[in-house]
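Each chain is listed here by its residues.
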Amino acid sequence: MSLKAGIIGLPNVGKSTLFNAITSSNVEASNYPFATISPNTGVVEVKDIRIDKMIPLYNPRRVVRATFEFCDIAGLVKGASKGEGLGNQFLANIREVDALCHVVRCFESSEIVHVEGSVNALRDVEIINLELVFADLEVMEKRLAKIEKKAQTSKDKDAVFEVNLLHKFIKVLSEGKRASVLELSEEERLLSKSFNLLTLKPMIYVANISEAEIKDPLSNKNYRELSKLAESENTIVIPISAQIEADLANLEEDEKKMFLEELGLECSGLEKLTLATYSLLGLETFFTAGSDELRAWTFTKGMKASECAGIIHSDFERGFIKAEVYTYEDIMEYKSEVKVKENGKLRIEGKEYLVKDGDIMYFRFNV
């Protein structure tokens, strides 16, 4: 599954520095607005300790971890929805991602200019959110203008349903609120996917704080205010020092571990961010395992066995017969697939089986 999270925010909040750390890339991170003109994309591994624990049990020739794609999108500014600062181009880039990581500057620095002249997390969040709202409002109003006449003249059931939904979105967006605050029926939710609204995309906040505050982010006033906002919006905020993450990116694994220990941190902010984004999209992992390959596969929670087989190859789904399934917990308890079978833990499941996070699967198919 190809899934992508977009890193958004005002200019000079640390987006490109964070992206460099995520991908160990060398994209431009200059100290001026619009240094990033086109979206940079990088793939990062999802750190899953279960893979590490299974490696000695299977001794595979190859290990393939789950991956996640991050896209560094250039900084938005006030008026972006009207084209300010190349806003239309940047907003179009945001429409192409599945989730948003909104980087908010919470650190003070006399060396790094702030596009608004001062550091104020809540103000900065409002600027970005309103630009997304305004962009969505324009899309909804244009769509309504196209379909409303058809609904009035033909009384087409589907057209009338869509018009009513458009009016719902327009009302909320006109109040400066994100479309995600609306409670939608299943039918409304399915139709709204075709709108591709920016403010319907799941979003988490990334608070970029100073190295000195990373051990105790609550000591940072902007972080505290951002945390309260995130809670009210039923989302989360991840505290990160983009500079620390950039430093970590250049170290070997052993050195990273030592550096984190010196800072009093259990894991890097990037690991937290990747896992949080993974969870935000309702993603889970199943495994295929053997002596040839141990591999993690990403799927969306609620997918059936036949659908997960299709993630590996379309022929697997088309000719699905059955799936042999046991769990990560089973293999960790019995230490080998043979012992798992001997203890009756291997199950045969059909195409309607709902795959669970941590399932180890072998698909049988015929085409």
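Here the structure is a predicted model, which means the values were calculated and not measured. Residue positions are given per chain, counted from 1 along the sequence in the order it is written. Owing to the predicted nature of the model, reporting of local features is limited to residues with pLDDT of at least 70; listing and counting of side-chain atom pairs is limited to 80 or more, with chain, interface and lining totals taken over all residues. Computation of side-chain values: all heavy atoms of the structure, hydrogens and water removed.

**Structural notes on the pairing of strand S10 (residues 320-327)**
Looking down a regular strand, the side chains alternate between one sheet face and the other.
Reasoning step 1: The buried fraction of S10 is high, at six of eight residues.
Reasoning step 2: For two strands to count as paired, DSSP must find a minimum of two bridges between them. The numbering of helices and of strands both runs from the N terminus, where a helix is a DSSP run of H or I of at least 4 residues and a strand a run of E of at least 2. Note that S10 and strand S12 (residues 359-365) share seven bridges and pair antiparallel. Paired with Thr327 across the bridge in S12 is Asp359.
Reasoning step 3: In this sheet, strand S11 (residues 347-349) lies alongside S10 in antiparallel orientation, the contact comprising three bridges. Paired with Glu324 across the bridge in S11 is Ile348. Per-residue accessibility, obtained with a 1.4 Å probe over protein chains only, is compared with the maximum for each type, and a residue is labelled buried under 20%, exposed over 50%, and partly exposed between these values.

**A word on the nonpolar core**
Reasoning step 1: Take the buried Ala, Val, Leu, Ile, Met, Phe, Trp, Tyr and Cys residues and link them wherever side-chain atoms come within 4.5 Å; each set so joined is a nonpolar core. Core analysis: the biggest nonpolar cluster contains 71 residues, and Phe68, Phe70 and Leu273 have the highest contact counts within it.
Reasoning step 2: The greatest single-element share of this core, amounting to six residues, is contributed by helix H4 (residues 121-154).
Reasoning step 3: Throughout, a contact is declared for two residues whenever any of their heavy atoms are within 4.5 Å. For Leu273, the residues in contact, after removing those within four places along its chain, are Leu18, Ile22, Phe70, Cys101, Ile204, Val206, Ile238 and Ile240.

**Some thoughts on unusual backbone geometry**
Reasoning step 1: Even without being a glycine, Asn12 presents a positive backbone phi close to 65 degrees.
Reasoning step 2: Checked against the element boundaries, Asn12 lands in the loop between strand S1 (4-8) and helix H1 (15-23).
Reasoning step 3: The backbone of Asn59 sits at a positive phi, close to 45 degrees, despite the residue not being glycine.
Reasoning step 4: As for its position among the elements, Asn59 is in the loop between helix H2 (49-58) and strand S3 (62-64).
Reasoning step 5: In this structure Asn59 comes out as exposed when scored by relative accessible area, which is 57%.

**Concerning the pattern of salt bridges**
Reasoning step 1: A side-chain nitrogen of Lys or Arg and a carboxyl oxygen of Asp or Glu constitute a salt bridge if their distance falls within 4 Å. A complete count under the given rule lists 24 salt bridges for this structure.
Reasoning step 2: A salt bridge links Glu45 to Arg65; the shortest N-O distance between them is 3.9 Å. Here the residue Glu45 occupies a position in strand S2 (residues 40-45), and Arg65 occupies one in the loop between S3 and strand S4 (67-72), the gap between them amounting to 20 residues.
Reasoning step 3: What makes Glu45 partly exposed here is its relative accessible area of 38%.
Reasoning step 4: Residue Lys171 pairs with Glu175 through a salt bridge whose shortest N-O separation is 3.0 Å.

**Let's talk about the environment of Glu188**
Reasoning step 1: Take Glu188: it is sitting in helix H6 (residues 186-192).
Reasoning step 2: Overall, Glu188 belongs to the buried group, its relative accessible area being 10%.
Reasoning step 3: Along the backbone, Glu188 and Asn164 are 24 residues apart, and their C-alpha atoms lie at a distance of 9.9 Å.
Reasoning step 4: Those residues within four positions of Glu188 in sequence are excluded, and the remaining contacts are Phe161, Leu165, Lys168 and Glu183.
Reasoning step 5: For this analysis, a polar contact is any N or O atom pair within 3.5 Å, provided that within protein one partner can donate a hydrogen and the other can accept it, and provided that sequence-adjacent residues contribute only side-chain to side-chain pairs. Separated by 2.9 Å, the side chain of Glu188 and the backbone nitrogen of Ser185 make a polar contact.

**Section: the pairing of strand S9 (residues 293-300)**
Reasoning step 1: Among the eight residues of S9, six are classified as buried, and the element is accordingly described as predominantly covered.
Reasoning step 2: Direction of pairing for S3 relative to S9: parallel, over a ladder of three bridges. Counterpart to Val63 in the pairing with S9 is Leu294.
Reasoning step 3: When strand S8 (residues 283-289) meets S9, the two strands line up antiparallel, connected through seven bridges. Paired with Thr288 across the strands is Arg295, a residue of S9.
Reasoning step 4: Count of turn residues in the S8/S9 antiparallel hairpin: three residues.

**Concerning the packing of H1 against helix H8 (residues 242-249)**
In a pair of packed helices, the angle between the axes and the distance between the axes together describe the arrangement.
Reasoning step 1: Two elements in contact, H1 and H8, have axes whose closest approach is 8 Å; the angle formed by their N-to-C orientations is 30 degrees. With respect to their mutual orientation, H1 and H8 come out roughly parallel. Crossing handedness for the pair H1 and H8: left-handed. Across the interface between the two elements, Thr17, Leu18 and Ala21 from H1 touch Ala242, Gln243, Glu245, Ala246 and Ala249 from H8.
Reasoning step 2: Looking at the contact of H1 with H8 residue by residue, the classes come out as five nonpolar, two polar and one charged. The convention used is that axes are lines fitted to C-alpha atoms, helices contributing only their stretch in contact, and that angles between N-to-C directions extend from 0 to 180 degrees. The cut-offs work like this: below 35 degrees is roughly parallel, past 145 is roughly antiparallel, 65 to 115 is roughly perpendicular, and the gaps in between are oblique. Left-handed describes a crossing in which the near helix is turned anticlockwise from the far one by less than a right angle; the clockwise case is right-handed. Residue polarity is assigned by list, with Asp, Glu, Lys and Arg as charged and Ala, Val, Leu, Ile, Met, Phe, Trp, Tyr, Cys and Pro as nonpolar; anything else, Gly included, falls into the polar class.

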